[in-house]
Amino acid sequence: MKKVLSFILISTFFVGFLASCGGSSSSDNSDKASSSYTANLENGKAVYDRSCVACHMQGVAGAAALTDKARWEASAAKGIDTLRAHALHGFQGEHGVMLEKGSCADCSETDVYDAVAYILKEAGVEAK
Ligand code: HEC
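Overview of the structure.

Definitions and cut-offs
Residue positions are given per chain, counted from 1 along the sequence in the order it is written. A pLDDT threshold of at least 70 governs which residues receive local features in this predicted model, and a stricter bar of 80 or more applies before side-chain atom pairs are shown or counted, although totals over entire chains, interfaces and linings include all residues. Side-chain numbers come from the whole structure's heavy atoms, not from hydrogens or water. In these notes, a set of buried Ala, Val, Leu, Ile, Met, Phe, Trp, Tyr and Cys residues joined through side-chain atoms within 4.5 Å is what counts as a nonpolar core. When accessible area is computed with a 1.4 Å probe and restricted to protein chains, residues below 20% of their type maximum are described as buried, those above 50% as exposed, and intermediate ones as partly exposed. For the purposes of this entry, the term helix denotes a DSSP run of H or I that reaches at least four residues, the term strand denotes a run of E that reaches at least two, and both are numbered from the N terminus. Here, two residues are considered to be in contact whenever any of their heavy atoms come within 4.5 Å of each other. Each metal's donors are the N, O and S atoms found within 2.8 Å of it, except that Na, K and Ca use a 3.2 Å limit; water is left out, so coordination can look incomplete. The geometry test gives tetrahedral to four donors whose angles all lie between 85 and 135 degrees, gives square planar to four donors and octahedral to six donors whose opposite members are over 155 degrees apart with all other angles between 65 and 115, and gives irregular to the rest. What makes a residue near a molecule or strand is one non-hydrogen atom of that residue sitting within 4 Å of it. Polar contact criterion, stated in full: a pair of N or O atoms within 3.5 Å, where within protein one must be able to donate a hydrogen and the other to accept it, and residues adjacent in sequence count only if both atoms are side-chain atoms. Cavity means a closed set of points on a 1 Å grid over the protein atoms alone, one where a 1.4 Å probe fits but cannot get out, pocket means an open set with protein on both sides within 12 Å along at least 5 of 7 lines, and lining means a residue has an atom within 4 Å of a point. The way we define it, a molecule is inside a pocket or cavity when more than half of its atoms are within 2 Å of that pocket's grid points. By the convention adopted, Pro, Cys, Tyr, Trp, Phe, Met, Ile, Leu, Val and Ala count as nonpolar, Lys, Arg, Asp and Glu as charged, and the other residues, Gly among them, as polar.

Okay, the nonpolar core next. If you look at the biggest cluster of nonpolar residues, it comprises 23 residues, and the most contacted ones within it are Tyr48, Trp72, Val116, Leu120 and Val125. Contributions of two or more residues to this core are made by helix 2 (41–56), helix 3 (69–76), helix 4 (80–89) and helix 5 (109–123). Here this core takes 8 residues from helix 5, the largest share from any one element. Residues contacting Trp72, with those up to four places away along its chain left out, are His56, Ala64, Ala65, Leu66, Ile119, Leu120, Ala123 and Val125.

Here it is, written out as structure tokens:
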């Protein structure tokens, strides 16, 4: 079951995002990459404080500030899997460029997912 889930998720990532970013990422913890994965918000906060806060605290360089609920609602509407993939592989939106893992080279996939969950929680937005 775990393997099947991994396969589905890896395929989703590859089809959807690898083509557009031309990059690959380590697949550590990819078995946890499903929507049913329960984020560790404590870890998410630690990762956020270290790697995301520079842009997402005030909303620097086009990034949505943590308090900008409207922006995070628009993001959340894309679905949690899309947000995770965008945070993991990078994303060019209409406001700016979100770098791969927010340029946190030593963040694992789960670190990034936890940080996304933490951001949404702090913004007061429900992940879809
Ligand atoms: C160098 C600045 C910068 C850092 C650091 C950064 N981000 Fe971003 N992020 C952005 C920008 C800019 C956008 C908005 C792109 C847009 O909507 O045009 C963004 C958007 C996002 C989105 C929304 C994507 C979407 O599809 O709407 C998520 C989720 C996100 N960042 C998560 C993170 C996480 C998690 C971290 C830390 C690991 C992080 N970011 C670190 C600049 C940054």
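Alright, that's what it looks like, and here's the rest.
Attention now moves to the coordination of the iron atom of the ligand. For the iron atom of the ligand, the protein coordination sphere consists of His56 (NE2) and Met98 (SD), at 2.0 to 2.1 Å. Coordination at the iron atom of the ligand comes from 6 donor atoms whose angles at the metal span 88 to 179 degrees, giving a geometry best classed as octahedral. Here His56, found in helix 2, pairs with Met98, found in strand 2 (residues 97–98); they are 42 residues apart in sequence, far enough to count as distant. Judged by relative accessible area, which is 23%, Met98 ranks as partly exposed.

What follows concerns the site of the ligand. The local shell around the ligand holds 26 residues, among which Cys52, Cys55, His56, His86 and Met98 are the closest. One of the side-chain nitrogen or oxygen atoms of Ser75 is found 2.6 Å away from an oxygen atom of the ligand. In the model, an oxygen atom of the ligand is placed 3.2 Å from a nitrogen or oxygen of the Glu94 main chain. Taking a 2 Å distance to the grid points as the criterion, the majority of the atoms of the ligand fall inside the largest pocket. In terms of residues, the shell around the ligand owes the most to one element, helix 2, which gives 4 residues. By residue class, the composition of the shell around the ligand is 13 nonpolar, 9 polar and 4 charged.

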